[in-house]
Amino acid sequence: MPVILSTHPLHPQVETRLAEAGILRIAAERQPAALVEEARDADIVIVRAPLPPELFAAAPRLRAAIRHGAGLDMIPIKEATAAGVLVANVPGANARTVAEHVFLVTLAMLRRLRLMDRDLRTSGWSAARAHADHGAELSGRIMGIVGMGNVGRAVCRIAQGFGLEVIANTRTRSALPEGVRMVGLDELFAQADVVVLCCPLTDETRGLADRARIGRMKPTALLVNVSRGPVVDDDALLAALSEGRIGGAALDVFTVQPLPQDHPYFGFDNVILTPHAAGITRESMLRMGMGAAEEAVRVLKGELPVNLCNPEAVALYRTRFPQQPLQAG
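Note that the structure is predicted; figures quoted are calculated from it, not measured. (Residues numbered from 1 in each chain as written. Predicted model: local features only at pLDDT ≥ 70, side-chain atom pairs only at ≥ 80, totals over all residues. Heavy atoms only, no water.)

So, on to the packing of aromatic side chains. The final tally for this structure, using the stated rule, is three aromatic pairs. Seen in terms of ring centroids, Phe103 and Phe162 are 5.4 Å apart; in terms of plane orientation they differ by 10°. Their pairing is stacked. Placement of Phe103 in helix H4 (residues 95-110) and of Phe162 in the loop between helix H7 (150-161) and strand E7 (165-169) is noted, with a sequence separation of 59 residues between them. The class of Phe103 is buried, set by a relative accessible area of 4%. Look at Tyr317 and Phe321: their rings are 4.8 Å apart centre to centre, the planes differ by 45°, and that puts the pair in the tilted class. Overall, Tyr317 belongs to the buried group, its relative accessible area being 0%. Residue placement shows Arg63 over the ring face of Phe321; its charged tip is 5.7 Å from the ring centre. (Phe/Tyr/Trp six-rings, centres within 6.5 Å; stacked < 30°, edge-to-face > 60°. Helix = DSSP H or I, 4+ residues; strand = E, 2+ residues; numbered from the N terminus. Buried < 20%, exposed > 50% of the residue type's maximum accessible area, 1.4 Å probe, protein only. Lys NZ or Arg CZ within 6 Å of the ring centre and 35° of its normal.)

One open sheet holds the seven strands; their spatial order is E8-E7-E6-E9-E10-E11-E12, and the pairing between them is parallel. Two strands bound the open sheet, and with one partner strand each, they are strand E8 (181-182) and strand E12 (271-273). (Pairing = 2+ DSSP bridges.)

A few words on the packing of helix H1 (residues 12-21) against helix H11 (residues 282-300). Angle between the axes and distance between the axes: these two values describe a pair of packed helices. Contact geometry for H1 and H11: axes closest at 9 Å, N-to-C directions at 10°. Classified by the angle their axes make, H1 and H11 are roughly parallel. Of H11, the residues touching H1 (which contributes Gln13, Val14, Arg17, Leu18 and Ala21) are Met285, Leu286, Gly289, Met290, Ala293, Glu294, Ala296, Val297 and Leu300. Broken down by class, the residue content of the contact of H1 with H11 amounts to ten nonpolar, two polar and two charged. (Axes fitted to C-alpha atoms, helices over the stretch in contact; angles between N-to-C directions. Parallel < 35°, antiparallel > 145°, perpendicular 65-115°, else oblique. Contact = heavy atoms within 4.5 Å. Nonpolar A, V, L, I, M, F, W, Y, C, P; charged D, E, K, R; others polar.)

Attention now moves to H7. Here H7 is twelve residues long and its end C-alpha atoms lie 17 Å apart, about the 16 Å a rise of 1.5 Å per residue gives. Among the residues of H7, those classed as buried are Val151, Gly152, Ala154, Val155, Cys156, Ile158 and Ala159. For H7, the elements touching its buried residues are H4, strand E6 (142-146) and E7. Phi turns positive, to about 80°, at Gly163, one or two residues after H7. (Expected span 1.5 Å × (residues − 1).)

Of the volumes computed, that of the second largest pocket is approximately 390 Å³. As for the second largest pocket, its lining consists of 20 residues, and the residues nearest its centre are Met109, Leu110, Arg112, Leu222 and Gly247. Secondary-structure elements contributing two or more residues to the lining of the second largest pocket are H4 and helix H5 (113-122). For the lining of the second largest pocket, the class distribution of residues is ten nonpolar, five polar and five charged. (1 Å grid on protein atoms, 1.4 Å probe; cavity = no way out; pocket = protein on both sides within 12 Å on 5 of 7 lines; lining within 4 Å. Points joined across faces, edges and corners; volume = space filled by probe spheres on them.)

For the rest of this paragraph, the subject is the sheet that holds strand E4 (residues 64-67). With respect to topology, five strands assemble into an open sheet ordered E2-E1-E3-E4-E5, the strand pairing being parallel. Edge positions in the open sheet fall to strand E2 (23-26) and strand E5 (86-88), since each of these has one partner strand only. Shown here is a sheet whose adjacent strand axes are inclined to one another by a mean of 20°, direction ignored. Sheet strands touched by H1: strand E1 (3-6), E2 and strand E3 (44-47). Its angle to E2, the strand with the most contacts, is close to 135°.

Cis geometry marks the peptide bond from Gln257 to Pro258, where omega comes out at 0°. Within the secondary structure, Pro258 sits in the loop between strand E11 (248-251) and E12. Even without glycine at this site, Arg112 takes up a positive phi of about 55°. Mapped onto the secondary structure, Arg112 falls in the loop between H4 and H5.

Glancing now at the pairing of E2. When E1 meets E2, the two strands line up parallel, connected through four bridges. What sits directly across from Ser6, in E2, is Ile26.

For the rest of this paragraph, the subject is the pairing of strand E9 (residues 194-197). Side chains of E9 alternate between two faces, with Val194 and Val196 and Val195 and Leu197 buried alike. One ladder, built from four bridges, connects E6 with E9; its direction is parallel. What sits directly across from Val146, in E9, is Leu197.

Moving on, we get to the side chain of Thr274. Take Thr274: it is sitting in the loop between E12 and H11. Classification of Thr274 by relative accessible area gives buried; the value is 18%. When near neighbours in sequence (up to four residues on either side) are disregarded, Thr274 contacts His101, Leu251, Asp252 and Phe254.

Take a look at the structure:
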C-alpha cells in the first residue's frame, strides 16, 4: 500500500478518503529534520507546513507533494523538480473564505469593533458607545487590490456589492473584472482607502508594501494583508502605525510564524491580528482537503495532477517510475 504523509491533521472526510487510497500518516512533528525522516518512505506528501529542501533527495519513493491550498511558498519547487517529484495545488478552494475575512476585518476596523467590545466589557456602556462617534462606513470608499487571482477576484465581487470603487494592480490585465481600473502600485497605495494584498510571494512582491508606498497612503487608510508576511516591510508599517500616519492594519500572515508574543504589532489598538487563519473554515478545509486528496489519488493511479505546478519534473518522474506512464486524467 502506498504511504500518504500529511504534515497536519485533515478534515475527517478527507482522512477517510485518503485512507481508502493508502496508508495515511499524520506527521508527529513539523520541524525540518523530523519531516525529512517521516517522508523517507512516503509516496505522497500533503503539505500544510514548509517542507525542507533536503526532503526530496531523501525520499526515493516520493511521487508528489500536494499543497493543501493554493500558495506554493511552502514547497521548494526547484528541489522537487530536480528530484522528479510532481508538485500540485488546489487553487481557488478557499478564495471566497479569504475574501469574507477581508471584509470581516475591514468592517471591524472601520467600526472600531475591537475597542468597542473591549471597553464595553471593562469600562461600561458609555465608554464603549463613544467609539461609535469615530466609526466609518465602508460604502463609497476606494478599495485597492494587489493581485487579481482567485482571491483578488473574490474580494472584488464582494467589494462591488458594497458599492466600493475598486482599483487594482495585477500582472495579468486580462484578469481584471469589469468595472475595475488598473493602476500602478504607487497610485494604488496613494488613492485607496483600503489596500488589500492578495498577491503571491515572489521575488517581485517581497517587500512590495515598503516605506515609500506606505508613506503614500492616506492618514485614514487601512492595510489588509492576506497574502504572505514578507510582502510587507514590517519596519515600515510599524513606523507608520507608531507615527499615526495610517488608519490601521489587519494582518493574517507574518514574516515569522508563529508571531512572537512580544512582537510590537500587539501594542496597537488599531491593528487586528489573526494566526494565518483567513482561509480556514469547516467548509474550506473540506474543499481544500478533498481537492488535495483527489490529486493524490490521480497520481497513485498513474495520472497527471489536474493542477500540476512543475511540468518540468514529468520527464524525470517517468524515468523514476517507468511502470506509471502518467496519463492525463
